[in-house]
Amino acid sequence: MSTRTIRGQVAIAGIGETAYYKHGQAPEPEFKLALMAILNACEDAGIPPREIDGFASYSNDRNDPSRLAAALGLPDLKFSNMQWGGGGGGGAGAVGNAAAAIAAGYADCIVVFRALAQGQFARFGQGPRVATISGDAAFTTPYGVMSPGQRYAMRAMRFMHEHKVDRSALRAIALASYHHAQANPRAVMHGRPLTAEAYDASRWIVEPFRLFDCCMENDGAAALVLVSAERARDLRHRPAYLLGVAQGSEYRNGAPSHNAPLYGTSSFTTVAPRLYAMAGVGPKDVDVLQSYENFTGGVLMSLVEHGFFPPEASNEFLVLDNLLAPGGSLPLNTSGGNLAECYMHGLELQLEAVRQLRGTSTSQVPDVDVSMVISGPMVTPVSSLILGSAATR
Amino acid sequence: MSPAGKYYLPEGLPAPVPEPDGLSAPYWEGTRRGELIIQRCRACRGWQWGPEWICHACLSFDLGWERVEGRGRIYSWERSWHPVHPALKEAGPYAVVLVELPAAGNVRMIGNLLGDPRAPIDVGAEVTAVFEPHDDAKPPFTLVHWRRAD
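I will try to describe carefully the structure that is included in this document. Worth saying up front: this structure is predicted, and the values here are computed from it rather than measured.

## Points about unusual backbone geometry
Trans is the common state for peptide bonds, and a negative phi is the common state for residues other than glycine.
1) Next: The step from A:Glu207 to A:Pro208 runs through a cis peptide bond, and the omega angle for that step is 15 degrees.
2) Next: Relative to the helices and strands, A:Pro208 resides in the loop between β7 (204-207) and β8 (209-210).
3) Next: At the junction of B:Lys138 and B:Pro139, the peptide bond is cis and its omega measures out at -5 degrees in the coordinates.
4) Next: Residue position: B:Pro139 is located in the loop between β8 (126-134) and β9 (141-148).
5) Next: Despite not being glycine, A:Ser59 shows a phi value in the positive range, around 55 degrees.
6) Next: Along the chain, A:Ser59 falls in the loop between β3 (54-58) and α2 (65-72).
7) Next: Given 24 C-beta atoms within a 10 Å radius, A:Ser59 is considered buried.

## Quick notes on the interface of chain B and chain A
1) Next: Taken residue by residue, the interface counts 36 residues in chain B and 38 residues in chain A.
2) Next: Of all elements in the fold, only β1 (15-16), β5 (71-80), β6 (94-101) and β7 (107-112) of chain B reach the threshold of two or more residues within the side of chain B that touches chain A.
3) Next: Considered class by class, the residues forming the side of chain B that touches chain A number 22 nonpolar, 9 polar and 5 charged.
4) Next: Note that strand β6 (residues 132-133) of chain A and β1(B) share 2 bridges and pair parallel. Bridge pairing links A:Ile133 to B:Pro16 in β1(B).

## Side note on the sheet that holds strand β4 (residues 63-68) of chain B
All names here are of chain B.
1) Next: An order of β3-β2-β4 is seen for the 3 strands of this open sheet, with the pairing classed as antiparallel. Across the chains shown, the open sheet's two edge strands, defined by having one partner strand only, are β3 (47-48) and β4.
2) Next: In the sheet, strand β2 (residues 36-41) pairs with β4 via 6 bridges, with the strands oriented antiparallel. Bridged to Ile37 within β4 is Arg67.
3) Next: Each of β2 and β4 is contacted by helix α1 (residues 25-32), which is oriented at about 150 degrees to β2, the strand it contacts most.

## Focus: the nonpolar core
Residues and elements named next belong to chain A.
1) Next: In terms of nonpolar packing, the biggest core is built from 169 residues, with Ile110 and Leu226 touching the most fellow members.
2) Next: Looking at this core element by element, the count peaks at 9 residues for helix α5 (residues 167-181).
3) Next: Ignoring any residue separated from it by four or fewer positions in sequence, one finds Ile110 in contact with Gly54, Phe55, Ala56, Phe79, Ala98, Ala101, Ile102 and Leu226.

## Notes on the pairing of strand β5 (residues 109-116) of chain A
Residues and elements named next belong to chain A.
1) Next: Burial analysis of β5 places 8 of its 8 residues in the buried class, which makes it a mostly covered element.
2) Next: Across the two faces of β5 the burial is the same, with Cys109, Val111, Phe113 and Ala115 and Ile110, Val112, Arg114 and Leu116 all buried.
3) Next: Where β3 meets β5, 3 bridges bridge the pair, whose relative direction is parallel. If you follow Phe55 over to β5, its bridge partner there is Val111.
4) Next: Pairing between β5 and strand β9 (residues 218-228): 8 bridges, direction antiparallel. Across the sheet, Ile110 pairs through a bridge with Leu226, a residue of β9.

The rules behind these values
- Residues numbered from 1 in each chain as written.
- Chains lettered and ligands numbered in written order.
- Predicted model: local features only at pLDDT ≥ 70, side-chain atom pairs only at ≥ 80, totals over all residues.
- Helix = DSSP H or I, 4+ residues; strand = E, 2+ residues; numbered from the N terminus.
- Buried ≥ 20, exposed ≤ 12 C-beta atoms within 10 Å, placed from the backbone.
- Contact = placed C-beta atoms within 7 Å.
- Nonpolar A, V, L, I, M, F, W, Y, C, P; charged D, E, K, R; others polar.
- Pairing = 2+ DSSP bridges.
- Axes fitted to C-alpha atoms, helices over the stretch in contact; angles between N-to-C directions.
- Core = buried A, V, L, I, M, F, W, Y, C linked by C-beta atoms within 7 Å.

What follows is the structure, encoded as structure tokens:
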């Protein structure tokens, strides 16, 4: 039986983004932002935009492939794909779907993108303004549980209770993102450093999360261009080869009304082993990690479930020095991530993972061969991926 | 109850109603009578919450509804400060608990924890259900909160 894998078959050849803005402050409409990011990614790759023949996105992105293809004058749209699930859980999954389509021969040059303009559309962090509510939300909304933070705080609280995790662990995650954002001129929080004292003094949003444990809400767009490994070798930049992608969530993670049997989880307990199995590497091989921060508690559980340390070692491992580029044992969110670069639903993390392989990050880790991204913890489905240099292929 | 109002949270949040397909209707009707009614499979006798059209354990469609005692223990909790809805502007902090019901297969329910919202909340603490009818709401509904057991 042949081994079914996309390992080494596909590469990210181009990355592009717009400027990143505070929510509601983008000067352009969302669809135009999407177009700008896509063209920037093509320019970066050195690929004429009319060679795009597929699109993949996630989280019900509003900018549909048919409109994009018409707007860009694409001669033949061969692949259009939306990864199910909300939040940023589908970020790596969308890249995986695009890679699978290229490996299977459906298309040759697929753009993965995400665009958000929250002034034009609704914000994420606000509850519904409706008279009545039904379904699963009826069991939570009337009790004041409606924002993403409120939906996921109890998962993190349970995990922290079970494993005696201190709030200093969450603080280290927030400080790492803010630290790296200070070197990154693209970051919305560039020039806005965060100290441990300011973190400790910040207001509660929903315990166990303080203000700086929560992602920003931003406007902008980001895009990646994927092609076959063979094609990528002839292009402008060092290819970021896809070594593995996995998506999904464990047994009944989506059980209604917070009844997932395994509750204190980032949803990766079954996904992470599949990721490593396909990539042929383990957590010790990962040189640099981008891990989606909707909330720091989600990063905590993501790191545990991806095997970087056992839960009982959380307090020892999650100290700032371990998480900083260039010298930390696990440099984390080296662009500033969702907390401090931009909340582009985690697609900005994928761009940063590519930069680390190219050697062009503003917080570069030396000699990166294995660069990993974890998307959207605590939601379902979630996804994660591992990129590698030519040496790992 | 909050000192100001007759309800734990201010009025003005969305009122819970059953879905058009009626899946959760027996639960909401039960709360109006002051009863906690949840799903139980007639085939394998397993409990199930929230409601679904099929039993996740044995895949039977023969699901019934049974009354359970309003006693449980705190499985997790959060204390919410930041208002995410206009009705909650002055409401924070308020306490939310995820309560497991040992007498019903440890299914879990979400409610507010009555009492001082700033008081420490202990995972594992025993709690009892408190029904909060909103008779004047359109349509009327009843919420199920929790208070620390004596």
